[in-house]
Amino acid sequence: MVRTREEGGVVRDDSRVRAGRALRLSLLIALALLFLIPFYLLVRNGLSSESDITSPEWTFFPSSLRWGNIKELFDDTSVPFARSLLNSSLIAVATTLGTLLLASLAGYGLARIPYRHANKVFFAILGTLMVPASVTFVPTFVLVSSLGWVSTMRGLIVPTLFSAFACFIFRQYFLGFPRELEDAARVDGLGYWRTYWQVVVPNSRPVFAAVGTIVFIGAWNSFLWPLVIGQDRDSWTVQVALSSFTTSQVIRLHELFVAAAVSIVPLLVVFLFFQRWIVAGVERSGIDD
């Protein structure tokens, strides 16, 4: 006999409820395993030899895990991977902090400071999102080169500091920010700058965390601009270093895979730390005026 229960006047079948939960759980487990496949391949191939990676006979894990591949990666003098990790960390952190500061200031100004051309400026900023990066790539390189910033941290960081997308997110978020808090700050004699810094920023942590995470991941994964600007090996980033393991002269698959596995660790740490704020920050930003 099928057991039922009554909730709010509606009779529900317990067996169907349990079946639905089991189906959802099975689907989530299947999707999680599918998502983890690339990470498994990185670890598996990173701890294998070249022959194990290219062998036609597939094994879940090689017979012997070569933990020495990690040491070999950092001891390889042809690719300064440790230096590349440091460069990517500095670039990603500086780009994230600079973008958060500039984009949040621009977004707050467009959302709160009275100015009759504010909407025109906002739409002009949005218009830059429709311009392909390839169109501005050469002029930006010419400008950076004329300033003598090739193979320098300034050349790698400064041109990427402002993000129109981040400005859009902040502007939309600040449009819905409680005006009562800002009015109370002005009663206490605070101007726009102190209101922004002492009231708005502390109460906007979710959107700052969400945008910061997106910007950090984008800066860490950037390849083309660091490849062109970082012409000196000491200015290589992680992505440029990864590309050097496969050239027309040599292919070092085990080092490539272990380097890729090491390079995603900072991204996983940042994402796991800020994941609860990412969705909340984007949802609160809204898309309406």
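Please refer to the structure higher up on the page.
Keep in mind that this is a model prediction, so the values were computed, not measured.

Some thoughts on the overall build of the chain
Helix and strand counts for the chain come out as 15 helices and 2 strands. Over its C-alpha atoms the chain spans a radius of gyration of 25 Å, topping by over 25% the 19 Å that the globule rule assigns to 289 residues. Along the first, second and third principal axes, the C-alpha atoms of the chain reach 85 × 70 × 35 Å. Counting the 289 residues in the chain, one finds 37% classified as buried. Counting only carbon and sulfur atoms, one obtains 67% of the accessible surface of the chain, whose full area is about 17,300 Å². Positive and negative side-chain charges in the chain, numbering 24 and 20 respectively, have mean positions lying 6 Å apart.

What about the nonpolar core?
The nonpolar side chains of a soluble globular protein tend to be buried with one another. Membership of the largest hydrophobic core comes to 24 residues, with the highest contact counts inside it found for Leu 110, Phe 170, Phe 174, Val 207, Phe 208 and Val 211. Residue assignment for this core shows that the elements contributing at least two residues are helix 4 (81–112), helix 5 (118–128), helix 8 (164–175), helix 10 (192–200) and helix 11 (205–221). Ranked by residue count, the leading element in this core is helix 8, at 7 residues. With near-sequence residues (within four places) excluded, Phe 208 lies in contact with Leu 100, Ser 104, Phe 170, Tyr 196 and Val 201. Within the second largest apolar cluster, 20 residues are counted, among which are Val 238, Val 258, Ile 264 and Val 270.

Quick look at the packing of helix 9 (residues 179–187) against helix 10
Interaxial distance between helix 9 and helix 10 falls to 10 Å at its minimum, and their mutual angle equals 125°. As the angle between them shows, helix 9 and helix 10 are arranged oblique. Judged by the sense of rotation from one axis to the other, the crossing of helix 9 with helix 10 is right-handed. For the pair helix 9 and helix 10, the contacting residues are Leu 181, Glu 182, Ala 185 and Arg 186 in the first and Tyr 192, Thr 195, Val 199 and Val 200 in the second.

Quick look at the packing of aromatic side chains
How two aromatic rings sit relative to each other is given by the distance of their centres and the angle of their planes. With the rule as written, the count across this model stands at 17 aromatic pairs. Centroid distance Trp 193 to Trp 197: 5.8 Å. Interplanar angle 10°. Geometry classified as stacked. Here the residue Trp 193 and the residue Trp 197 both occupy positions in helix 10, the gap between them amounting to 4 residues, near one helical turn. Trp 193 gets classed as exposed once you look at its relative accessible area, which sits at 51%. For Trp 197, a relative accessible area of 49% corresponds to the partly exposed category. Put simply, the rings of Tyr 108, Phe 170, Tyr 173, Phe 174, Trp 193, Tyr 196, Trp 197 and Phe 208 pair up and form one aromatic cluster. Here the basic side chain of Arg 44 rests over the ring of Trp 58, its NZ or CZ set 3.9 Å away from the ring centre.

Concerning the pattern of salt bridges
One pass over the structure, following the stated rule, counts 4 salt bridges. A salt bridge links Asp 75 to Lys 71, with the nearest nitrogen and oxygen atoms 2.6 Å apart. Pair noted here: Asp 75 and Lys 71 are both in helix 3 (residues 68–75), with a separation of 4 residues, about one helical turn. A salt bridge links Asp 183 to Arg 186, with the nearest nitrogen and oxygen atoms 3.9 Å apart. Highlighted residues: Asp 183 and Arg 186, both in helix 9, separated by 3 residues, approximately one helical turn. Among the residues examined, Asp 183 registers a relative accessible area of 44% and is labelled partly exposed.

What to know about unusual backbone geometry
In the Ramachandran plot, Ser 151 falls in the positive-phi region, its phi being about 60° despite a non-glycine side chain. Within the element layout of this structure, Ser 151 appears in the loop between helix 6 (133–146) and helix 7 (153–157). Overall, Ser 151 belongs to the partly exposed group, its relative accessible area being 25%.

Here we look at helix 10
Here helix 10 has its buried residues at Thr 195, Tyr 196, Val 199 and Val 200. End-on view of helix 10: buried residues confined to an arc of 110°, all on one side of the axis. Residues of helix 10 that are buried in the fold lie against helix 4, helix 8, helix 9 and helix 11.

A word on a nonpolar patch on the surface
A cluster of nonpolar side chains, Val 43, Phe 60, Phe 61, Leu 65, Trp 67, Ile 70 and Phe 74, forms an exposed patch at the surface whose accessible area comes to about 680 Å². Given a relative accessible area of 38%, Leu 65 falls into the partly exposed group.

Details of the side chain of His 254
With respect to the helices and strands, His 254 occurs in helix 14 (residues 253–263). Residue class for His 254 comes out buried when judged on its relative accessible area of 9%. Among the polar contacts listed, one links the side chain of His 254 to the side chain of Glu 72, at a separation of 3.1 Å. The contact partners of His 254, leaving out residues within four places of it in the chain, are Asn 45, Gly 46, Ser 48, Glu 50, Ile 53, Asn 69 and Glu 72.

The rules behind these values
Numbers given for residues are sequential positions, taken from 1 along each chain in its written order. Predicted model: local features are reported for residues with pLDDT of at least 70 only, side-chain atom pairs are reported and counted for 80 or more only, and whole-chain, interface and lining totals are derived from all residues. Side-chain calculation: all heavy atoms of the structure are included, whereas hydrogens and water are not. A run of DSSP states H or I qualifies as a helix once it reaches four residues; a run of E qualifies as a strand once it reaches two. Both are numbered from the N-terminal end. As defined in this context, the radius of gyration uses C-alpha atoms, and a globule is described by 2.2 Å times the residue total to the power 0.38. Under the scheme applied here, a residue whose accessible area is under 20% of the maximum for its type counts as buried, over 50% as exposed, and between as partly exposed, the area being computed with a 1.4 Å probe on protein chains only. Note on areas: Shrake-Rupley with a 1.4 Å probe; residue coverage comes only from the protein chains shown. Under the counting rule used here, the positive set is Lys and Arg, the negative set is Asp and Glu, and His together with the chain ends is not counted. Here the site of a charge means NZ on Lys, CZ on Arg, CG on Asp, or CD on Glu. Residue types Ala, Val, Leu, Ile, Met, Phe, Trp, Tyr and Cys, when buried and joined through side-chain atoms within 4.5 Å, form a set referred to as a nonpolar core. Residues are treated as being in contact if the distance between any of their heavy atoms lies within 4.5 Å. Think of each axis as a best-fit line through the C-alpha atoms, taken over the contacting stretch in the case of a helix, with angles from 0 to 180 degrees between the N-to-C directions. For classification purposes, angles smaller than 35 degrees are called roughly parallel, those larger than 145 roughly antiparallel, those between 65 and 115 roughly perpendicular, and all remaining angles oblique. Working rule for handedness: look at the near helix, and if it is turned counterclockwise from the far one by less than a right angle, call the crossing left-handed; if clockwise, right-handed. Here a Phe, Tyr or Trp ring, Trp counted by its six-membered ring, pairs with any other such ring whose centre lies within 6.5 Å, and the pair is stacked when the planes are under 30 degrees apart, edge-to-face when over 60, and tilted otherwise. In this scheme, Lys NZ or Arg CZ marks a charge over a ring once it lies within 6 Å of the ring centre and within 35 degrees of the ring normal. We define a salt bridge as a side-chain nitrogen of Lys or Arg found within 4 Å of a carboxyl oxygen belonging to Asp or Glu. Our arc is simply the arc of the directions from the helix axis toward the C-beta atoms. To count toward a patch, a residue needs a relative accessible area above 30% and no salt bridge. Like charges then connect within 9 Å, nonpolar side chains (Val, Leu, Ile, Met, Phe, Trp, Tyr) within 5 Å. Whenever two N or O atoms come within 3.5 Å, that pair is a polar contact, provided that in protein one can donate a hydrogen and the other can accept it, and provided that, for residues adjacent in sequence, both atoms are side-chain atoms.

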